[in-house]
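The residues making up each chain are set out below.
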Amino acid sequence: MDGFAVAFEPLNLAMMMLGCLMGLFIGAIPGLGSVNGVAILLPITFFVPPTSAVIFLAAIYYGAMYGGAISSIMLGIPGASTAVATTFDGRPMAIKGLADRALIAAAIASFVGGTISVIYFTLFAPPLANFALRFGSTEEFALMVLAFATFIGLGGDDIPKTIFMILFGLVLSSVGLDIISGHPRLIFFDLPGFYKGISFIVLAIGIYGIGEMLWTLEQAQGKVEIAKHTFGIKRGVETLKMLWRRSKLNMFLSSTLGYFVGILPAAGATPGSLMAYGMARSMAKNPEEYGRGNVNGVVAPEAANNAASTGSLLPMLTLGIPGSPTTAILLGGMIIWGLEPGPLLFSQHPEFVWGLIASLYAANLFTVILNLSLIPVFIWILRTPFTILAPIIFVLCFVGGFAPASSMHDVWLILIFGVVGYLMRKLDYPMAPLVLAIVLGPLAEKSFRQTMIAEHGDMTIFLTRPISLICLIAALGLIIYPLYLVRQRRKAKLNMEAPKS
Amino acid sequence: MRHAEQIMALALVAFSLFLMWKSSELPIGWVSGKGPGGGAFPFWLSLGMLVASGVIFWRARRRVTPQSRDENSFMGYSTFRLFVVSAGAIFVMFLGTHFVGAYVMIPLFLAFYMRFLGGHSWVVIAPIALLAPIVTFFFFEIGMKVFLPKGVTEPLFYPLYSMFF
């Protein structure tokens, strides 16, 4: 209950409402997702207390999960990567003239997903935090390895490219001064700007702000048309009744799956929503209707992505491991605010943790009301051509990138990361592992070097400590499993080709 | 697309080698009493990058990845134009900021982009291009105390500062 007292403090309540509104808006704009909103607006939070700051960012995260569905349904372009699966059935519904039903289904499913996940969060956060107390630098490093391995295993991306991006992110994180000796390291062209290292904010704004917008501009080519739709109270009530009849079990199962996928380090809401879509289709009596405008095809990913967004906060708060790129940025923010994520956070800053949880409850309710009432407004905004939206977003990247360090060096890095990120993205290099690695890099290096110094270079310590061993075995399994799948697929392909030849 | 995949992989091989060389400016092995040297972490990770980019190149040559089998061009003319104009305009905005400041370059950038790429009328462009720097100034400078670079236009802001601070 103390948490609610914190959540309903005037400043925190105002930050929560503002965050929900901005998140909804950012999530609804194609090319911008919660990760962009959190990355671009992070500098603003340096001017309020840490609890208010994280409430603001978590509200953006929540709002964006709702907002992402809007452009997925109306335009067929996912408003955020987490809403990719929503496009599969949301867009066909809109084409059929059922856009209002799809939007209501998305909002209600998001609300249910968010609520169920907050209940899970409240029940499971303290036990996990207690378990995390047993983590030393050895376990911490092994856990980092597991987080990176989860990205390789669950990402579904090209494995060598994913590994390359993780290693690249780790190297970028080591730019600046050596954490032990204090010597300058990787100071490119002797530019003084590199002495302070490369901030993950700079990388995230470059990749997700400029790079992603370049990508979206290419995809849209400035031509975005909107489906016509109607909206009325009577149709709204009918839709709610239909959802209760047809989708209640789907909402519950998708929320549960999404929450647990969200907890997995580096999995996040996008795989969660896609897995929930797959689960809903495989369990449906009429799977052939999926992809042609089945309301359950909207409900499943939307319930799952909201549940996963809460789930991914849990390992971030209790273990210091982000479950998604957005929480990776939130994690970086917490470190900047002077809050060390991990087991001690619950005992040292209970007002922060429980205030955040209570705010999630409040944000969930506030966002669904906001979402339903703002549907007509968002449609109007989404009618704005990209050629107006894009330059405004580029300016926001510039100002948002300059603000934290008041450095033009960072602004130039944003452009370089944006352009290189765009070119690499065209060749299917995954960007999320890069962001994850630059955030976790300093922690990984610190824990590894601390362990090595303490154990005089004896690496077998990673195999003799039980938690560390379990993490490393799990990591190995996650790396081997996709390789095994690739091999199986190749075999199956050869078997299919053999009779033809 | 196929050539782009190979060229990118080769560029990453070269970049990894550069990072290895750069990391070795600090000790990359074990330093007695101090553990791994300062350059060890980036050096061995760069070696990993080298191996990974080598595998990417090898897979591209063997046409294992979808991109390496794609015979379409990496960038069509319209995409190339969009990319060059967008990235070029951002480059000019950043460069110009060093000399004439953000509050001159932001409206110029917005106006150019919306006019040149969007073909919008001045009636649409003018309010956005003029309001954006005003909102930015009040939100960032007055509200958040974040002062954007102003170049030679700095003295023009002194009266405003004296009004608000």
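Residues numbered from 1 in each chain as written. Chains lettered and ligands numbered in written order. Predicted model: local features only at pLDDT ≥ 70, side-chain atom pairs only at ≥ 80, totals over all residues. Heavy atoms only, no water.

Participant: Give me the lowdown on the overall build of chain B, citing residues and values where you can.
Facilitator: Within chain B, the secondary structure is distributed over seven helices and two strands. The helix and strand sequence of chain B, counted from the amino end, reads α-β-β-α-α-α-α-α-α. When burial is assessed residue by residue, chain B has 47% of its 165 residues classed as buried. Summarising the internal contacts of chain B: among those between residues at least 6 apart in sequence, 53% fall at separations of at least 24. With an accessible surface of roughly 8500 Å², chain B has 73% of that area assigned to carbon and sulfur atoms. (Helix = DSSP H or I, 4+ residues; strand = E, 2+ residues; numbered from the N terminus. Buried < 20%, exposed > 50% of the residue type's maximum accessible area, 1.4 Å probe, protein only. Contact = heavy atoms within 4.5 Å. Areas by Shrake-Rupley, 256 points an atom, 1.4 Å probe, with all protein chains shown as cover.)

Participant: Talk me through helix α5 (residues 102–117) of chain B; I want residue IDs and the actual numbers.
Facilitator: Residues and elements named next belong to chain B. With 16 residues, α5 extends 21 Å between its outermost C-alpha atoms, agreeing within 8% with the 22 Å of an ideal straight helix rising 1.5 Å per residue. Looking only at α5, the buried set comprises Ala-102, Tyr-103, Met-105, Ile-106, Pro-107, Phe-109, Leu-110, Ala-111, Tyr-113, Met-114 and Leu-117. Of the residues flanking the end of α5, it is Gly-119, one or two places downstream, whose phi is positive at about 65°. (Expected span 1.5 Å × (residues − 1).)

Participant: An account of the side chain of Asp-410 of chain A is needed here, citing residue identities and associated values.
Facilitator: All names here are of chain A. Take Asp-410: it is sitting in helix α18 (residues 408–426). When its relative accessible area of 5% is taken as the criterion, Asp-410 is described as buried. Ignoring any residue separated from it by four or fewer positions in sequence, one finds Asp-410 in contact with Lys-196, Val-202, Gly-401 and Ala-405.

Participant: Which residues make up the packing of aromatic side chains, and what are the values?
Facilitator: One pass over the full model with this rule turns up 27 aromatic pairs over all chains. Here Tyr-103 of chain B and Phe-137 of chain B contribute two aromatic rings whose centre-to-centre distance is 5.8 Å and whose plane-to-plane angle is 75°, an arrangement assigned as edge-to-face. With Tyr-103 of chain B in helix α5 and Phe-137 of chain B in helix α6 (residues 122–143), this pair connects stretches of sequence that are 34 residues apart. Counting every residue linked through ring pairs, the aromatic cluster contains Phe-164, Phe-168, Phe-188 and Phe-194 of chain A together with Phe-15, Phe-18 and Trp-21 of chain B. A cation over a ring is seen here: Lys-161 of chain A above Tyr-429 of chain A, with NZ or CZ 4.8 Å from the ring centre. The ring of Phe-74 of chain B has Lys-426 of chain A lying over it, and the distance from NZ or CZ to the ring centre is 5.2 Å. (Phe/Tyr/Trp six-rings, centres within 6.5 Å; stacked < 30°, edge-to-face > 60°. Lys NZ or Arg CZ within 6 Å of the ring centre and 35° of its normal.)

Participant: Tell me about the interface of chain A and chain B, and please be specific about residues and values.
Facilitator: One widely used convention gives an interface's size as the accessible area the parts lose upon coming together. Counting residues at the interface gives 56 residues for chain A and 66 residues for chain B. A combined buried area of about 5500 Å² lies between chain A and chain B, and 82% of that area is made up of carbon and sulfur atoms. Area buried by chain A at its contact with chain B is led by Phe-164, Phe-398 and Leu-427 of chain A, which between them contribute 11% of it. Asp-158 of chain A serves as the salt-bridge partner of Arg-59 of chain B, at 3.0 Å between the closest nitrogen and oxygen. Counting every contact that joins chain A to chain B gives eight residue pairs in polar contact (both at pLDDT 80 or more). At the level of secondary structure, the elements contributing two or more residues to the side of chain A that touches chain B comprise α8 (159–173), β2 (184–185), α9 (200–220), α17 (386–402), α18 and α19 (432–454) of chain A. Take the side of chain A that touches chain B: its biggest share by element is 10 residues, from α17 of chain A. Grouping the amino acids of the side of chain A that touches chain B by side-chain chemistry returns 40 nonpolar, seven polar and nine charged. (Buried area = accessible area lost by both parts, 1.4 Å probe. Salt bridge = Lys/Arg side-chain N within 4 Å of Asp/Glu carboxyl O. Polar contact = N/O pair within 3.5 Å; in protein donor to acceptor, adjacent residues only side chain to side chain. Nonpolar A, V, L, I, M, F, W, Y, C, P; charged D, E, K, R; others polar.)

Participant: Describe the packing of helix α4 (residues 77–100) of chain B against α5 of chain B, naming the residues involved and giving the relevant values.
Facilitator: Residues and elements named next belong to chain B. Across the interface, α4 lies against α5 with an axial gap of 8 Å and an inter-helix angle of 160°. By the criterion of interaxial angle, the relationship of α4 to α5 is roughly antiparallel. The element α4 and its partner α5 pack so that their crossing is right-handed. Counting all contacts with α4, which are made through Arg-81, Leu-82, Val-85, Ser-86, Ala-89, Ile-90, Val-92, Met-93, Gly-96, Thr-97 and Val-100, the residues of α5 involved are Ala-102, Val-104, Met-105, Ile-106, Phe-109, Phe-112, Tyr-113, Phe-116 and Leu-117. (Axes fitted to C-alpha atoms, helices over the stretch in contact; angles between N-to-C directions. Parallel < 35°, antiparallel > 145°, perpendicular 65-115°, else oblique. Left-handed = near helix turned anticlockwise from the far one by under 90°.)

Participant: Would you mind going over the side chain of Ser-407 of chain A in detail, with residue names and values included?
Facilitator: Residues and elements named next belong to chain A. Positionally, Ser-407 belongs in the loop between α17 and α18. A residue is classified by how much of its surface remains accessible, and Ser-407, at 11% relative accessible area, is buried. Of the polar contacts made by the side chain of Ser-407, one reaches the backbone nitrogen of Asp-410; its length is 3.3 Å. Those residues within four positions of Ser-407 in sequence are excluded, and the remaining contacts are Lys-196 and Phe-402.

Participant: Before we move on, can you summarise a nonpolar patch on the surface with the specific residues and values?
Facilitator: Residues and elements named next belong to chain B. Where nonpolar side chains cluster on the molecular surface, the patch consists of Leu-131, Ile-134, Val-135, Phe-138, Phe-139, Phe-147, Met-163, Phe-164 and Phe-165 and spans about 880 Å² of accessible area. Listing elements by their share of the nonpolar patch, those giving two or more residues are α6 and α7 (158–164). The dominant element in the nonpolar patch, judged by the number of residues it contributes, is α6, at five residues. Looking at the secondary structure, you find Phe-165 in the segment after α7. (Patch = residues over 30% accessible without salt bridge, like charges linked within 9 Å, V, L, I, M, F, W, Y side chains within 5 Å.)

Participant: Quick one: what's the story with a positive patch on the surface, residue by residue and with numbers?
Facilitator: There is a patch of like positive charges on the surface, built from Arg-487, Arg-490, Lys-491 and Lys-493 of chain A together with Arg-62 and Arg-69 of chain B. Residue placement: Arg-487 of chain A occurs in helix α21 (residues 466–500). Residue classification places Arg-487 of chain A among the exposed residues on the basis of a relative accessible area of 55%. (Lys, Arg positive; Asp, Glu negative; His and termini not counted. Charge placed at Lys NZ, Arg CZ, Asp CG, Glu CD.)

Participant: Go over the packing of α8 of chain A against helix α2 (residues 40–61) of chain B, please, and point to the residues and values.
Facilitator: Where α8 of chain A contacts α2 of chain B, the two axes come as close as 9 Å, and the packing angle between them is 155°. Considering the angle they form, α8 of chain A stands roughly antiparallel to α2 of chain B. Our pair here, α8 of chain A against α2 of chain B, has a crossing hand that is left-handed. Facing α8 of chain A, whose interface residues are Pro-160, Lys-161, Ile-163, Phe-164, Leu-167, Phe-168, Leu-170 and Val-171 of chain A, α2 of chain B presents Phe-41, Pro-42, Leu-45, Ser-46, Gly-48, Met-49, Ala-52, Ser-53, Val-55, Ile-56 and Arg-59 of chain B. Its residues assigned to classes, the contact of α8 of chain A with α2 of chain B comprises 14 nonpolar, three polar and two charged.

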